[in-house]
Amino acid sequence: RRRRRQQLHRSGRRGRPLTMTRSIGCAIMVVGDARQAQSGQLLVKLLGEAGHNITQDRTIKSDGLQIKGELAMLTQSQSSQAIFFTGRTGNALRDPIGDAVRQQLDRRLDGFGDLLRSLLYQEQGSRAMLAQGVAGSIKRKLVFCLPGDLNTIEIAMSKLVLPELEYLLDQL
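Thresholds, definitions, all that
Residues numbered from 1 in each chain as written. Predicted model: local features only at pLDDT ≥ 70, side-chain atom pairs only at ≥ 80, totals over all residues. Heavy atoms only, no water. Buried < 20%, exposed > 50% of the residue type's maximum accessible area, 1.4 Å probe, protein only. Helix = DSSP H or I, 4+ residues; strand = E, 2+ residues; numbered from the N terminus. Pairing = 2+ DSSP bridges. Right-handed = clockwise from strand over helix to strand, strands pointing away. Phe/Tyr/Trp six-rings, centres within 6.5 Å; stacked < 30°, edge-to-face > 60°.

(A) Spotlight on the pairing of strand β3 (residues 25-31). Buried residues dominate β3, accounting for 7 of its 7 residues. Both faces of β3 are covered, namely the face carrying Gly 25, Ala 27, Met 29 and Val 31 and the face carrying Cys 26, Ile 28 and Val 30. Here β3 runs beside strand β4 (residues 53-60); their pairing, made up of 7 bridges, is parallel. Among the inter-strand pairings, Ile 28 is bridged to a residue of β4, identified as Asp 57. Each parallel crossover has a hand, and the one from β3 via helix α1 (residues 37-49) to β4 is right-handed.

(B) A look at the packing of aromatic side chains. The final tally for this structure, using the stated rule, is 2 aromatic pairs. Taking the centre distance of 5.5 Å and the plane angle of 65° together, the rings of Phe 112 and Phe 144 count as edge-to-face. Of this pair, Phe 112 sits in helix α4 (residues 110-124) while Phe 144 sits in strand β8 (residues 141-147); the two residues are 32 residues apart in sequence, bridging distant segments of the chain. For the pair shown, Phe 112 and Phe 144 are each scored as buried. Grouping aromatic residues by their ring pairs yields a cluster made of Phe 84, Phe 112 and Phe 144.

These results come straight from atomic positions and should not be treated as a statement about function.
Set out below in structure tokens:
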């Protein structure tokens, strides 16, 4: 058996290296209007800086049927291995994205939402329970639904998604 040399994470823990060994095709769907555009721009920036390829970057209406339709088309695409929805997913009580996507998932990654709320609790306190973070897979593609709040996107991407994206894809 080969032993992989472990590298240090930014946090100082041993584990998988932070540098990616391959570029992953990522589609970004901003749900809402121009007010949510910054969340999509931040995702493009963070994924690009990590060496990933942005295959699509669009804004769609906050409508459950349109979200499901876009998701169905994206899961058929050969160019995207990871699909990111952002925008109006901040409040679990009125979240069209999380509900529409959750119904379509083949497998859910419930720990993603739990970990995101735990990280947000450190900054926001009990208001973090309203944060909606949905992740899972459909047809061997990863799907993430992130709140539109820029700080929340930074936390989710830097602490949860980017360190594990390649590993998660390998598990599908």
